[in-house]
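Here are the chains, one letter per residue:
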There are 2 protein chains.
Amino acid sequence: MGKRHISLKDLAHELGVSISTVSRALKNHPDISPEMTKKIKALAEERNYTPNPLAMGLLRQQTKMIGVIVPDINTHFYSSIISGIEKVAKEHGYFIVITSSNESMQKEIESVENLLKSRVEGLIVCLSQETNDFTHFEKLIRNEIPLVFFDRVCEELEVPAVLANGQDATKKITQHFFKNGCKRIAYISGPEHLNISQNRKVGYLNGLKECGLEYDQDLLIHCNLSIEDAKLATQKLLRLKNKPDAIFGVNDTIAFAAMIEVKKQGYKIPDDISLAGFTDEFHSIVVDPPLTSVSHPTFQMGEEAAKLFFESIEKETNINKKVMLPIDLVVRESSVKKQ
Amino acid sequence: MGKRHISLKDLAHELGVSISTVSRALKNHPDISPEMTKKIKALAEERNYTPNPLAMGLLRQQTKMIGVIVPDINTHFYSSIISGIEKVAKEHGYFIVITSSNESMQKEIESVENLLKSRVEGLIVCLSQETNDFTHFEKLIRNEIPLVFFDRVCEELEVPAVLANGQDATKKITQHFFKNGCKRIAYISGPEHLNISQNRKVGYLNGLKECGLEYDQDLLIHCNLSIEDAKLATQKLLRLKNKPDAIFGVNDTIAFAAMIEVKKQGYKIPDDISLAGFTDEFHSIVVDPPLTSVSHPTFQMGEEAAKLFFESIEKETNINKKVMLPIDLVVRESSVKKQ
DNA sequence: TTGAAAGCGCTAACAG
DNA sequence: CTGTTAGCGCTTTCAA
């Protein structure tokens, strides 16, 4: 049990002045005499006075809290995004309350409710992979509660959002594979209804087209984003009689699951099968062979999301701005055949 | 800008009763007539009333916030611990404010200050690797602000803490290496002043002794916990004229850096050099070869830390309880020589 | 059975 | 230049 914090009242008592005098002195109000101001500030300093945010919040009706909902907190991808959000929030004197939906729509809905109960001033959200109904967000919009999406968004809703250019990325990967001699390029995607899955599929198809390759639907697999499901998807690809000579996965988990499975079945990477994924630097270089990948600008994504948030909190009106971040392809050994 | 939340006053006005009646009805006070209670509850439900935590906090002098300081937020290790803390906090109706010291003592000190300014009710902390002065924590103790350490602790301070049994773990690793034919077992440790480094060193030395191996100080290297430094440390080991035949690293980063470096220099794992580390499941199986490792019970560590926190908040007195969690060795390919 | 009033810490309009 | 007062939303004692 911490001791009670010092309050304006305490300071006022001690100096035999009124609370408002202390309050004013501390914010350099011109009405207060210089000597008084000095005296008060000295005592405040000595007693280690800091204003009680609860009282301020009650007065101003603001908590300076932002609710953040991510599908999974235990991945570098999201924790890096969270760091970005946190940085910008801090600059604005806000702090963030992080919750995880665990990829469940039900938990996402509960998170929204709980965060609102905690009086967060708004939400920054990455949708769970299950989320296909948006009434819990529509309610927010109706009540003019600031909302920003990142990465996985609902495109029907007029909500500011930060996106990575996955379409461009998958196109680049496809072309890169083709240039390295691959003809049967497989893609393990995420749940079909997610915008990221859709965009990246478009990029994949465009890439194929530009390379003059035909689209074979056997080579495009949707899977939920678990390691088990990704392994199954990989096995399915490897059972095809006309096997792929390249595979790319839509995120870390899938890329690694594919890598494990491909190796397990005795195929050489990249000579038998080339591999690429969406991952961060660290993970890509830790595996063997180092994984060609497009690295999400995660930290920056978090920053941008938070910036959008503060824009919509300042302009007291709904904005509907989309920020698109570029993604770069980093070529490593897993996709460059030695032949 | 969100609409104003509904308040007791709003409900009271609408029903033409007093605020206190509404307040009482909502908490089933026996004084209020059943019909009144019912009516009030119905309206509260309809209007979606939730109590304003700011007002409650101001009244009760509690924020229901716990400050958490970790050295680095972007690792599975810490994010998993945080999840554990979060789970228990939630069960108690608390939420957590996470900050990262980025392994800097200065930032750690600032974090403590900022969190106190935000009126967190207490702190759960893992020390930065730099921290060798504890006045910022002593101040907390003097003011009876609940404090719990996990993993990296200050042993001089009487603070409840959760620890993993690193001493036992390193002993097991050492013995395991020996059983697999290794005679020159190297250990890349963390900064010397950290308790985890010290404990694990003791385990290492005990392990050597029990195996009848002599301690060679060339084989014990301290490094700061960056990937670059870990690579340098590995290079140093590999330059010894009497090279190690086994290396283990004190955490994920170091284990992987060592693996990369060992491979790079053309040594076969495990046949030339066996490897082991402290990592989590996922990372261990993603690398090649799969890494023998002791896996920290991270989530559990977070849970225990939070439990300790609530113990010390409930008993209104300083407690000094240490919780020691067991660590298991999981043997994988990186340490089992084939010969 | 219900209401009025005080107080948690703070600010700001209004008095003096 | 400084003090008084009301009020943010809530609980709780005291009064009716």
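Since the model is a prediction, treat every value here as computed from it, not as a measurement. Along each chain, the written sequence defines residue order, and numbers are assigned to residues from 1. By the order in which they are written, chains take letters starting at A while ligands take numbers starting at 1. Confidence filtering applies because this is a predicted model: local features only for residues at pLDDT of at least 70, side-chain atom pairs given and counted only at 80 or more, and all residues used for totals across whole chains, interfaces and linings. Where side-chain values are given, they derive from all heavy atoms of the structure, hydrogens and water being excluded.

Asker: Would you take a moment to explain the pairing of strand S9 (residues 274–278) of chain A for this structure?
Answerer: Regular strands place side chains that alternate from one sheet face to the opposite one. Residue and element names in this part refer to chain A. Categorising residues by exposure relies on relative accessible area from a 1.4 Å probe, with only protein chains included: less than 20% of the type maximum marks a residue as buried, more than 50% marks it as exposed, and the intermediate range marks it as partly exposed. In DSSP terms, a helix is any run of H or I states spanning at least four residues, a strand is any run of E spanning at least two, and both are numbered starting from the N terminus. Among the five residues of S9, five are classified as buried, and the element is accordingly described as predominantly covered. Burial along S9 is two-sided: the residues Ser274, Ala276 and Phe278 and Leu275 and Gly277 are all buried. Any two strands are treated as partners once DSSP identifies two or more bridges connecting them. Looking at chain direction, strand S8 (residues 246–249) and S9 are connected through three bridges and run parallel. Counterpart to Ile247 in the pairing with S9 is Leu275. Across three bridges, S9 lies against strand S10 (residues 292–295) in parallel orientation. Its bridge partner lying in S10, Gly277 is registered against Ser293.

Asker: Is there a simple way to explain the protein's contact with DNA strand C in this structure?
Answerer: One heavy atom suffices: a residue is near a molecule or strand as soon as one of its heavy atoms comes within 4 Å of it. As a structural note, the neighbourhood of DNA strand C is formed by 28 residues, with A:Leu8, A:Tyr49, B:Thr21, B:Arg24 and B:Gln61 the closest of them. For DNA strand C, the backbone portion of the atoms within 4 Å of the protein, that is sugar and phosphate, comes to 70%. Within the backbone of A:Leu8, a nitrogen or oxygen atom sits 2.5 Å from a phosphate oxygen of DNA strand C. Taking A:Lys9, its side chain carries an N or O atom lying 3.2 Å from a phosphate oxygen of DNA strand C. Residue assignment for the surface near DNA strand C shows that the elements contributing at least two residues are helix H1 (8–15), helix H2 (19–26) and helix H4 (53–60) of chain A together with helix H2 (19–26) and helix H4 (53–60) of chain B. Residues that form the surface near DNA strand C fall into these classes: 12 nonpolar, nine polar and seven charged. Counting of polar contacts relies on pairs of N or O atoms within 3.5 Å, with two restrictions inside protein: one atom must be capable of donating a hydrogen and the other of accepting it, and residues adjacent in sequence are counted only when both atoms are side-chain atoms. Ten residues, namely Ala, Val, Leu, Ile, Met, Phe, Trp, Tyr, Cys and Pro, are considered nonpolar, four, namely Asp, Glu, Lys and Arg, are considered charged, and the remaining ones, Gly among them, are considered polar.

Asker: I tried to follow the sheet that holds S8(A) on my own but got confused; where do I start?
Answerer: By way of backbone hydrogen bonds, the strands of a sheet pair with one another, either parallel or antiparallel. All names here are of chain A. Read from one edge of the open sheet, six strands run S7-S6-S8-S9-S10-S12, paired in mixed fashion. Each edge of the open sheet carries a strand with a single partner, namely strand S7 (220–222) and strand S12 (328–330). Between one strand and the next, the sheet's axes are offset by a mean angle of 15°, whatever the strand orientation. Taken together, the three bridges between strand S6 (residues 185–189) and S7 define a ladder with parallel strand orientation. Residue pairing in the sheet places Tyr187 in a bridge with Leu220 of S7. Only heavy atoms matter for contacts: two residues are in contact if any of them lie within 4.5 Å across the pair. Only the stretch in contact is used when fitting a helix axis, every axis being a line fitted to C-alpha atoms; angles between N-to-C directions are given from 0 to 180 degrees. Along the sheet, helix H10 (residues 227–239) makes contact with S6, S7 and S8, crossing S6 at roughly 155°. Running at roughly 160° to S9, helix H11 (residues 252–264) makes contact with S6, S8 and S9 of the sheet.

Asker: What is the right way to look at the sheet that holds strand S11 (residues 322–325) of chain A in this model?
Answerer: Residues and elements named next belong to chain A. Pairing is parallel in the open sheet, where six strands are placed in the order S2-S1-S3-S4-S5-S11. Each having just a single partner strand, strand S2 (95–100) and S11 make up the two edges of the open sheet. Strand-to-strand twist across the sheet, computed as the mean angle between neighbouring axes with direction ignored, equals 15°. Pairing geometry for strand S1 (residues 65–70) and S2, over six bridges, is parallel. Counterpart to Ile66 in the pairing with S2 is Ile96. Relative to the sheet, helix H7 (residues 135–142) contacts strand S3 (122–125) and strand S4 (147–150), its axis offset from that of S4 by approximately 140°.

Asker: Honestly, the protein's contact with DNA strand D in this entry has me stumped. Any pointers?
Answerer: Around DNA strand D, 28 residues are found, and the nearest of them are A:Ser20, A:Thr21, A:Gln61, B:Leu8 and B:Tyr49. The sugar and phosphate moieties of DNA strand D supply 69% of its atoms located within 4 Å of the protein. Separating a phosphate oxygen of DNA strand D from a side-chain N or O atom of B:Tyr49 is a distance of 2.6 Å. Only H2 and H4 of chain A together with helix H1 (8–15), H2 and H4 of chain B provide two or more residues apiece to the surface near DNA strand D. Along the lines of polarity and charge, the residues of the surface near DNA strand D split into 12 nonpolar, nine polar and seven charged.

Asker: Got a minute to help me understand the side chain of B:Ser79 in this structure?
Answerer: Mapped onto the elements, B:Ser79 comes out in helix H5 (residues 76–91). For B:Ser79, the residues in contact, after removing those within four places along its chain, are A:Ile73, A:Asn74 and B:Ile73.

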